[in-house]
Amino acid sequence: MDSQSSCVVVTGFGPFRQHLVNSSWEAVKELSKLGLGSDMEVELQILQLPVDYREVKQRVTRIWEDLQPQLVVHVGMDPTAKAIFLEQCGKNWGYGDADIRGFHPECGVCLPDGPEVIASGVSMRAVSRSAVVEGVEVAFSRDAVYAAGLCDPAQISGTPDLFCEPCVVG
């Protein structure tokens, strides 16, 4: 795709632990059914990422290199969340939980040479103020308050000069 790409990539995650069906992926699949992009010049790409630290890094890098999207949104899940949280930043630390292959990031750091934090160029505060989801609160979060998943590692794995990888958790 050229630099003026109209590609928007939305990712959800695969099964992990006791969650045989990851609601983040189920929500992302619904986007294509809604016809997002069909009446606009937007090419919507939906992709499932495995709950695997090393694989996420490789796949997100390929997304940016191969598809050259204008925007990437990572949708994660927290089974205890009572709202949809739009996260402004992804952290590169604090990951002690094992992924689906039993891998633990060394010292809880996803990318040893990566930035400590990556911030989206999209104002998630503004988006949260204008987002309307019937019957569900949409809230702004500075960073991943639900850091048990891979939204942060997915964000950190993105292209550093394209800080537009918001994460949605709910």
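Structure first, text after, so check above.
Residues numbered from 1 in each chain as written. Predicted model: local features only at pLDDT ≥ 70, side-chain atom pairs only at ≥ 80, totals over all residues. Heavy atoms only, no water.

Draft legend 1. View of helix H1 (residues 23–34). With 12 residues, H1 should reach 16 Å at 1.5 Å per residue; the first-to-last C-alpha distance of 17 Å fits that figure. Ser24, Trp25 and Val28 are the residues of H1 that are buried. Along the axis of H1, the buried residues cluster in a sector spanning 95°; they form a single face. The outward face of H1, more than 90 degrees from its buried face, is lined by the exposed residues Lys33 and Leu34. The elements touched by buried residues of H1 are strand E1 (7–13), strand E2 (43–49) and strand E3 (71–76). (Helix = DSSP H or I, 4+ residues; strand = E, 2+ residues; numbered from the N terminus. Expected span 1.5 Å × (residues − 1). Buried < 20%, exposed > 50% of the residue type's maximum accessible area, 1.4 Å probe, protein only. Arc of directions from axis to C-beta. Contact = heavy atoms within 4.5 Å.)

Draft legend 2. View of the packing of aromatic side chains. For the structure on display, the rule yields two aromatic pairs. Between the aromatic rings of tyrosine 53 and phenylalanine 103, the centroid separation amounts to 6.2 Å while the plane-to-plane angle is 65°, which identifies the pairing as edge-to-face. Residue tyrosine 53 is located in helix H2 (residues 53–67), and its partner phenylalanine 103 is located in the loop between strand E5 (89–91) and strand E6 (117–119); the two are separated by 50 residues in the primary sequence. Each member of the aromatic cluster is reached from another via a ring pair, and the members are Tyr53, Tyr95 and Phe103. The ring of phenylalanine 103 carries arginine 54 above its face, with NZ or CZ at 3.9 Å from the centroid. Taking NZ or CZ as reference, lysine 91 lies 5.3 Å from the ring centre of tryptophan 93, over its face. (Phe/Tyr/Trp six-rings, centres within 6.5 Å; stacked < 30°, edge-to-face > 60°. Lys NZ or Arg CZ within 6 Å of the ring centre and 35° of its normal.)

Draft legend 3. Quick look at the side chain of asparagine 22. Take asparagine 22: it is sitting in the loop between E1 and H1. According to the relative accessible area criterion, asparagine 22 is buried, its value standing at 4%. Engagement of the side chain of asparagine 22 in a polar contact is seen with the side chain of serine 24, the distance being 2.8 Å. In contact with asparagine 22, other than residues within four places in its own chain, are Phe13, Gly14, Pro15, Phe16, Val51 and Met77. (Polar contact = N/O pair within 3.5 Å; in protein donor to acceptor, adjacent residues only side chain to side chain.)

Draft legend 4. Representation of the side chain of serine 24 within the structure. For serine 24, the position within the fold is in helix H1. Side-chain polar atoms of serine 24 contact the backbone nitrogen of phenylalanine 13, separated by 2.9 Å. Within the structure, the side chain of serine 24 is placed 3.3 Å from the backbone oxygen of valine 75, a separation counted as a polar contact. Sequence-distant contacts of serine 24, that is, excluding residues within four places in its chain, are made with Gly12, Phe13, Val75, Gly76 and Met77.

Draft legend 5. Highlighting the environment of cysteine 7. Relative to the helices and strands, cysteine 7 resides in strand E1. What makes cysteine 7 buried here is its relative accessible area of 0%. Along the primary structure cysteine 7 and glutamine 70 are separated by 63 residues, whereas in three dimensions their C-alpha atoms are 5.8 Å apart.

Draft legend 6. Up close: the pairing of E1. Burial of E1 is extensive: seven of the seven residues sit out of reach of the surface. Neither face of E1 is exposed, since Cys7, Val9, Thr11 and Phe13 on one face and Val8, Val10 and Gly12 on the opposite face are all buried. Sheet topology note: the E1/E2 ladder contains seven bridges and is parallel. Counted as the bridge partner of threonine 11 is leucine 47 from E2. Sheet topology note: the E1/E3 ladder contains four bridges and is parallel. Bridging across to E3, valine 8 finds its partner in leucine 71. (Pairing = 2+ DSSP bridges.)

Function-wise, these values are silent; they only describe arrangement.
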